[in-house]
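Structural overview
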Amino acid sequence: MVRFLARRLFFCAVLVVMTASSALLLTRVAPGDLTLSLGPFATAREIAAERSRFALDRPIAVQWGEWAGSAMRFDFGESSLYRVPVGPLVFQAAAHTAVLAIGALLVATVAGVGLGIVTGSQRGALPGLIRMASIGAISLPSLLTSLVLLFIAARTGWFPTGGISSVDASNHWTDLAGHLPLPILALALPVAATFERLQSAALAEQLHQPFVMAAAARGVSKRRLVLRHAWPVSVKAITAVYGLAAGSLLSGSFAVEIVTAWPGLGRLTYDALYARDIYLVAGCVAVGAAVLSAGMLLGDVLLALSDPRVPDVR
Amino acid sequence: MRWGGLTLLVLLAVSVMAAPLLAPNAPEQRFGDLLYAPPTPVHLWNDGITAPFIYPLRLVSRIERRFEEDRQHPAPLVWFSNGRLVSGGEAPLLLLGADSYGRDMLARVLYGGRISLTLALVSAGCAVLAGALLGGIAGYAGGWLDGVISRSTEFLLVLPAMYVVLMLRAVLPLALSGGTVFALLTAIFATLGWPIVARGTRAIVIGERQREYVEAARAVGVSPARLLLRHLLPAASGYLATQLTLLLPAFILAEATLSYIGFGFPPETATWGTMLKDAANVLLVADVPWLLAPAVAIFLSVLAVNLLVQATGRPPVQLEG
Amino acid sequence: MSIRPSFRFAGVIVSLVVVAAFWLIWRSTAPPANPTARATPVRGGQLTAGIRSDPKSFNSLVAADEPSVIVSSLLQARLVRINRATFELEPWLADTWEMTPDGRKYTLHLRPNVTWSDGAPLTSADVLFTFRAVRDKRVESALADSLVVAGQPIEATAPDDHTVVVTFPAASGPGLRLLDTLPILPKHKLEGALSNGTFRTAWQTTTAPADVVGAGPFVLKSYETGQRVVLSRNERYWRKAADGTKLPFIDQLILEIVPEQTAGMLRLESGNLDMLQSELRPDDVPSALNAEKKGHLKVIELGVGTDADAFWFCLKPEARKNDRRFAFVQRREFRQALSYAVDREEFARVVFFDAAVPIWGPVTPGNKTWFTPNLKRYGPDLDKARAVLRDIGLEDRNGNGVVEAADGTEARFTVMTQKGIAAYERGTTLLKERAAMIGVALNIAPLEAGAMIERLKTSDYEAIYMRPLMTDLDPAGNMDMWLSSGGAHFWNLEQTTPATDWEKRIDDIMMRQAATVDLARRRELFNEAQEILAENLPVLYFAAPRLYYAHSTRVTGVVPSVLRPPVLWNADSLGVTAPPRAN
């Protein structure tokens, strides 16, 4: 197991470096550069000055070399959008997103797996309705679901309509707690729906397996059949994608963050891309790649642990 | 339920394929004074007229988006003319209202379905097929082959797709034909979709591979290909079916996202994804809810496929009662 | 396993409840509004305005993005101010001034007893310091170019602590108006940074609030990245209301960062924000009017916008060398034909929902001082358009609906535009339709902003549809657009010599008007330049939108302007009547 982990961690690190470097490269090669923010009619002098400030007048290889070198020393360059060092900026945004991601993952897991068990093991109106709701949740773009939730929050006044904090909050923690439900719900809905669909299908399949029928013949109660016999095997379908889901939540959803004005990694990555902010792009992509690969690795480990049939050393 | 799904899917497919017949108006046709017009009410009888008819909608206030029926000029519906099943004759028949340009929403949903539905079904199908095969091979073969395939899935999943697509758009010529865009989008979606399918399939195949019947079959000399196709992959069929229903809406909506960064069909072309993106103004939609018609279309398509390919929650007979 | 009847029943009840709840919320209205505001503002209270992105710096000498400029205008003061509603020049830090008859020297007298927010006295030394900073090569200030006349920088000297003499290298039409964009910065806080070359980063956004000193109505209280900028009243602000009350009225001004426009509207309607950064999108006006009826908002018309969407072909001969179509594109008749084909009333109706006025040149009726209605008007006249095309040899010889030249070259073009802006999408659709009616085939290619701007800068495009923003209402501030050598002469950037005869004429006229002090004479000259442009049509204009703005009912003292920021330009005179409504 240790060797397996070490090898995979090494590959994760390689992946992060590769992805961040390709993002740096792609931003160099993509049409336009960070001087776009100066507008279409900026003077040549302004443009040249800005380009040299961000090493765009030097060859790609040289810029990459300089960036990689300072990255070793944990200096990830400066952001042209915010004019502050990339490291702390990305770290703070990632932390904000992590708060949402963990909450959303919890909600999605409980709701998705729970509802999936209900729909996978029963017939009737309720499972049918839940199925409709899941399909509805995955059929709508997250921009729209976030806006609908914001609409509800604005019209009912139950929750703050955006941001991560209020200005004159007396208690920092209760204030944060009040701002969480809106973005967490917006993030969790499609993930919960995905989990529900996967869990439902997997459970239904397991209920048809011989070992379940054998247990039923032995007189095991329905409840035990579902929860103790069929479900533990069916959860593998979720485990296979769980790590990926966690990773992609942690790398941030641009749509949710922009609508709820949450200062997170998704929004930062998108803004960086749009503005061709080269060092910020590399930083965001690196963090995104790191959490995604970590998520996938975690998923694989969970899979190996959950199913004793799987030989884990590869 | 399976039949329900099949029926629904066939209905949808036939509707979008028969769009030129079913749509009362052309999808690009603009009615300048009917921006955001509500669905035209169809009346059944009035004194003297026994066939279905409509009143033309007249604009009362453009800025308030208010319309009223012109009761002076009832227009009977015209059937089977101009290659259309039904149309309004003198007055435009807008059964699902009009969008921000005054174009018929029903026509745009029907014509848009041809692109969105076909694109999504084809790409999802390719992604599931490729993912199933590669995931199955990785799970069964193990060793370096598994390593290569698994690491590739990780690389593709971690890669920032937007950046690559943006750069791709830049190197392509400015004007792209609809066919080229379709082919490119299918390729991009299939490439982005297969890793997720492969990872899950691999996990399931690894589990199945340990079972006794597999050992037995190998001992007898069954070829790996047959084993894979006949026994191991079918074990993942539930997962594959679910992934198909998950990828379908994802691709319909992703088409709109890519269109946002310039990698899409020409602007007048209706697609469900772009129509929904245009409707992404909740305040507007609260007053003009028919803009969400494509969301209903996407929902119905996904529901149909889901019902069709997925086993229902119906447990075996012995467990009942 | 069958469901017990009670579960099934429960399922149905739950579903009904959920559906009912959704329906109720859908049909609901926002929470009740505040009582209507009193006319005269009183001191106290908090105002929250939404801005769309983070400021890049607290020093607008080095950052020209909108949020930075807004923040800087709230923290700093200038020598003179152009009133954004009347366009008159107002005394600001400079109380009075005299001008020499040739218009080249102004003696400004600084208002007495003005102190910085930290108590230090504001003197002419600070003004000189600011001028020096703008000109410093290491600072690379974007404002440097705006303080230049005939290629030479404006000089400033100070005979004493409260007098500044500003010398223009040549007669300047705008004169002191050029100083409106220049915030006066504190020498005692920034001199060190200027000397050792760190001026650019001296006031970056991580600076401690207490170090950002200014003579504006507010001081910086805090800034949280991605969230908000909080400003509080500058107790040492020098300005007073007409009745003697010290300004600003409000205690605290919060600039909340809200990146998405629809979310901003929702928060505005629910009372979470009092105002947004810019005017309403045309699509949002009806729901804003609805909200006004219910008493949640006040909707005001700012006037006709000063910028309009434009359409032009790339007219750079070097870029279009191998393009056979260029032979007829560079003829003004071709562009005139397109102008004849477009129905500008229809344009106003469809693209801006009737809230627009037709225009035929870059200067709109919103720019009251410089607008002229006497430009050549085209169409709509499809027959004339087709006739004009025939005159230059373009006819549909093969009956495919597209006109071609005698050598068979078709009039088929790709028009690039920016993706995601509803007005552009509607405008290009309409343009394409009208062009098709006269046999010109336009293929619209929406691109991501970066890709589009890149192609624009390298002249790698056939035609483009977008809104070029005018830097300044005064044409002397837009020389880079009018002069053929200018970097914003968008249809043919940075020419070494004028490519056409009429561009040469415009060059002459514009140079003359920039150097004339008499306003009436300047307007005569500029009208001529506008007429030449409308005649030769390197760029086509269709309609200028009427701008609407919405703010909460608790805000008083609002003086609307068509320029941005529409209400915050006058922030020191804004007041609020009631506590904020919602979360």
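Calculation notes
Residues numbered from 1 in each chain as written. Chains lettered and ligands numbered in written order. Predicted model: local features only at pLDDT ≥ 70, side-chain atom pairs only at ≥ 80, totals over all residues. Helix = DSSP H or I, 4+ residues; strand = E, 2+ residues; numbered from the N terminus. Buried ≥ 20, exposed ≤ 12 C-beta atoms within 10 Å, placed from the backbone. Contact = placed C-beta atoms within 7 Å. Nonpolar A, V, L, I, M, F, W, Y, C, P; charged D, E, K, R; others polar. Pairing = 2+ DSSP bridges. Axes fitted to C-alpha atoms, helices over the stretch in contact; angles between N-to-C directions. Expected span 1.5 Å × (residues − 1). Bend = angle between axes of the 7 residues up to and from the residue. Left-handed = near helix turned anticlockwise from the far one by under 90°. pLDDT = per-residue confidence, 0-100.

Regarding the overall build of chain A
A tally of regular secondary structure across chain A gives 13 helices and 0 strands. When its helices and strands are written in sequence order, chain A yields α-α-α-α-α-α-α-α-α-α-α-α-α. Dimensions along the principal axes, computed over C-alpha positions, put chain A at roughly 85 × 55 × 35 Å. A burial count over chain A gives 56% of its 314 residues as buried.

Overview of the interface of chain A and chain B
Counting residues at the interface gives 55 residues for chain A, matched by 48 residues for chain B. Among the secondary structure elements, those contributing two or more residues to the side of chain A that touches chain B are helix 1 (2-29), helix 4 (86-121), helix 5 (125-139), helix 6 (142-156), helix 8 (181-207), helix 9 (210-218), helix 10 (222-250) and helix 13 (278-306) of chain A. When residues of the side of chain A that touches chain B are assigned to their parent elements, the largest contribution, 9 residues, is made by helix 8 of chain A. For the side of chain A that touches chain B, the class distribution of residues is 35 nonpolar, 12 polar and 8 charged.

Points about the sheet that holds strand 10 (residues 218-224) of chain C
Residues and elements named next belong to chain C. Here we have 4 strands laid out as an open sheet, ordered 1-12-11-10, and mixed in their pairing. One side of each edge strand has no neighbouring strand; the edge strands of this open sheet are strand 1 (46-51) and strand 10. Sheet twist, expressed as the average angle between the axes of neighbouring strands with direction ignored, equals 20 degrees. When strand 1 meets strand 12 (residues 252-257), the two strands line up parallel, connected through 6 bridges. Within strand 12, the residue paired with Thr48 across the bridge is Ile254. Together, strand 1, strand 10, strand 11 (228-233) and strand 12 form the strand contacts of helix 2 (residues 66-75), whose direction differs from that of strand 10 by roughly 140 degrees.

Observations regarding the environment of Ala208(C)
All names here are of chain C. Among the structural elements, Ala208 can be located in the loop between helix 5 (199-202) and strand 10. Since 7 C-beta atoms lie within 10 Å of it, Ala208 is described here as exposed. Considering only alpha carbons, one finds Ala208 and Lys221, 13 residues apart in sequence, at a separation of 9.2 Å.

Looking at the interface of chain C and chain A
Every contact between the two is made by 50 residues of chain C and, on the other side, 43 residues of chain A. Broken down by secondary-structure element, the contributors of at least two residues to the side of chain C that touches chain A are helix 1 (5-26), strand 11, strand 12, helix 6 (261-270) and helix 13 (449-457) of chain C.

Overview of helix 6 (residues 178-209) of chain B
All names here are of chain B. Its 32 residues place the ends of helix 6 44 Å apart at the C-alpha level, agreeing with the 46 Å of an ideal helix rising 1.5 Å per residue. The sharpest bend along helix 6 reaches about 30 degrees and sits at Trp194, with the proline Pro195 one to four residues further on. Burial analysis of helix 6 places 24 of its 32 residues in the buried class, the great majority of the element.

What about the sheet that holds strand 5 (residues 105-110) of chain C?
All names here are of chain C. Overall, antiparallel pairing links the 4 strands, which are arranged 4-5-9-8 in an open sheet. Each edge of the open sheet carries a strand with a single partner, namely strand 4 (94-99) and strand 8 (155-160). On average, each strand axis in the sheet is tilted by 25 degrees relative to the strand beside it, whichever way the strands run. Its contacts with the sheet place helix 3 (residues 124-135) against strand 5, strand 8 and strand 9 (163-167), and it is angled at close to 165 degrees to strand 8.

Some remarks on the packing of helix 9 of chain A against helix 10 of chain A
Residue and element names in this part refer to chain A. Where helix 9 contacts helix 10, the two axes come as close as 10 Å, and the packing angle between them is 145 degrees. Helix 10 is crossed by helix 9, and the crossing has right-handed handedness. Contact residues: helix 9 offers Val212, Ala215 and Ala216, while helix 10 offers Leu225, His229 and Ala230. Residue classes in the contact of helix 9 with helix 10 are distributed as 5 nonpolar, 1 polar and no charged.

Considerations on unusual backbone geometry
Of note, the amide linkage connecting Leu247(C) to Pro248(C) takes the cis form, showing an omega dihedral of -5 degrees. Within the secondary structure layout, Pro248(C) lies in the loop between strand 11 and strand 12. Note the cis peptide between Arg564(C) and Pro565(C), where omega equals 0 degrees. Relative to the elements of secondary structure, Pro565(C) occurs in the loop between strand 21 (555-556) and strand 22 (575-576). Here Asn82(B), not a glycine, exhibits a phi torsion of approximately 55 degrees, which is positive. Position of Asn82(B) relative to the elements: it lies in the loop between strand 5 (78-81) and strand 6 (84-87). Positive phi outside glycine occurs at Asp354(C), with the angle close to 80 degrees.

Quick look at the confidence of the model for chain B
Residues and elements named next belong to chain B. Averaged over every residue, the pLDDT of chain B is 85; the share at 70 or more is 95%. By mean pLDDT, helix 8 (residues 224-235) is the weakest element of chain B at 81, and helix 3 (residues 105-141) is the strongest at 93. Note that residues 312-321 has pLDDT below 50 and, in this model, 25 contacts with residues that lie over four places away or in other chains. Across the assembled chains, the prediction reports ipTM 0.86 with pTM 0.88.

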